[in-house]
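Take a look at the letters that make up each chain.
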Amino acid sequence: MKKIYVLNGPNLNLLGKREPHVYGQASLQDLIQGLEKCAKELGIVISSYQSNHEGDIIDRLHEANEKKYEGVILNPGAFTHYSYAIRDAIAGIDIPVVEIHLSNVHARESFRRESVTAPVSIGQISGFGFYGYHMALHALLERIKGEQIHE
Ligand code: DQA
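These numbers were taken from a predicted model, which means no experiment stands behind them.

Conventions we followed
Residues numbered from 1 in each chain as written. Predicted model: local features only at pLDDT ≥ 70, side-chain atom pairs only at ≥ 80, totals over all residues. Heavy atoms only, no water. UniProt positions renumbered as here; feature names shortened; annotations may be inferred. Helix = DSSP H or I, 4+ residues; strand = E, 2+ residues; numbered from the N terminus. Contact = heavy atoms within 4.5 Å. Buried < 20%, exposed > 50% of the residue type's maximum accessible area, 1.4 Å probe, protein only. Polar contact = N/O pair within 3.5 Å; in protein donor to acceptor, adjacent residues only side chain to side chain. Phe/Tyr/Trp six-rings, centres within 6.5 Å; stacked < 30°, edge-to-face > 60°. Lys NZ or Arg CZ within 6 Å of the ring centre and 35° of its normal. Salt bridge = Lys/Arg side-chain N within 4 Å of Asp/Glu carboxyl O. Core = buried A, V, L, I, M, F, W, Y, C linked by side-chain atoms within 4.5 Å.

### Brief notes about the UniProt feature "binding site: substrate" (unreviewed entry) in the chain
At step 1: Under the UniProt annotation, "binding site: substrate" (unreviewed entry) lies at Asn75, His81, Asp88, Leu102, Ser103 and Arg112. Of the residues just listed, which span 38 residues, the most distant C-alpha pair is 24.1 Å apart, and they do not cluster in one region.
At step 2: Turning to its location among the elements, Leu102 is positioned in the loop between strand 4 (97-101) and strand 5 (123-126).
At step 3: In this structure, Leu102 is in contact with Leu12, Leu15, Tyr23, Asn75, Gly127, Phe128, Gly129, Phe130 and Tyr133, ignoring residues within four places of it in sequence.
At step 4: You can call Arg112 buried: its relative accessible area is 14%.
At step 5: If we ignore the near neighbours within four places in the chain, the residues touching Arg112 are Tyr23, His81 and Val105.
At step 6: There is a polar contact of 2.7 Å between the side chain of Arg112 and the side chain of Glu109.

Dropping the structure here:
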């Protein structure tokens, strides 16, 4: 079975409580449960992890690569906007990474419009809430199957 790693960065453990007008009322656990259901239907197994620490996220990216996961769905949180170390980790591994944001980062404060991690990811999904993670699963599956993704 294909294995996908789902990695959520800083403050995403607070989903449901954190700025619910931006990120919604549902928790990280709700997000992962829904995604597990979607993955099962697609014949994929997911492992998920959340961390508030930059180095920890980097270690997990390396681990996903070493343990031969087929791809990573990564919400780097605010690290998106300035972590060159996470960018280098994505660039340094062999497996595809989809960058995901619950909110539409392009419709918010100007600092959120820049992503240092998107250029080394296979694509960015932003603004579709939890459904974006489902979209990312489908996108990774297509990439793994070797089908062309519009570039
Ligand atoms: C976020 C967007 C980031 O700008 C923010 O710092 C987050 C969450 C999102 O999912 O919309 O923590 O990645």
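Okay, back to it.
### Digging into the packing of aromatic side chains
At step 1: By the definition in use, this model includes two aromatic pairs.
At step 2: An angle of 85° between the planes, with centres 5.0 Å apart, marks the rings of Tyr5 and Tyr69 as edge-to-face. Of this pair, Tyr5 sits in strand 1 (residues 2-8) while Tyr69 sits in the loop between helix 3 (54-66) and strand 3 (71-75), and the two are 64 residues apart along the sequence.
At step 3: When the ring centre of Tyr69 is taken as reference, the NZ or CZ atom of Lys3 above it lies at 4.6 Å.
At step 4: Above the face of the Tyr49 ring, Arg60 is positioned so that its terminal group lies 3.5 Å from the ring centre.

### Regarding the pattern of salt bridges
At step 1: Considering all chains together, one arrives at six salt bridges under this definition.
At step 2: For Lys37, the salt bridge is made with Glu41, and the minimal N-O distance between the two is 4.0 Å. Here Lys37 pairs with Glu41, and both are found in helix 2 (residues 28-42), just four residues apart, close to one helical turn.
At step 3: Judged by relative accessible area, which is 62%, Glu41 ranks as exposed.
At step 4: With its nearest N and O atoms 3.9 Å apart, the salt bridge here joins Glu109 to Arg108.

### A word on the nonpolar core
At step 1: Membership of the largest hydrophobic core comes to 23 residues, with the highest contact counts inside it found for Ile46, Ile73, Tyr133 and Leu137.
At step 2: For this core, the element with the most residues is helix 2, which contributes six residues.
At step 3: With residues up to four places along the chain from it excluded, the contact list for Ile46 reads Ile4, Val6, Ile32, Leu35, Glu36, Ala39 and Leu137.
At step 4: Counting 16 residues, the second-largest nonpolar core is a separate cluster that includes Ile58, Ala64, Tyr69 and Ile93.

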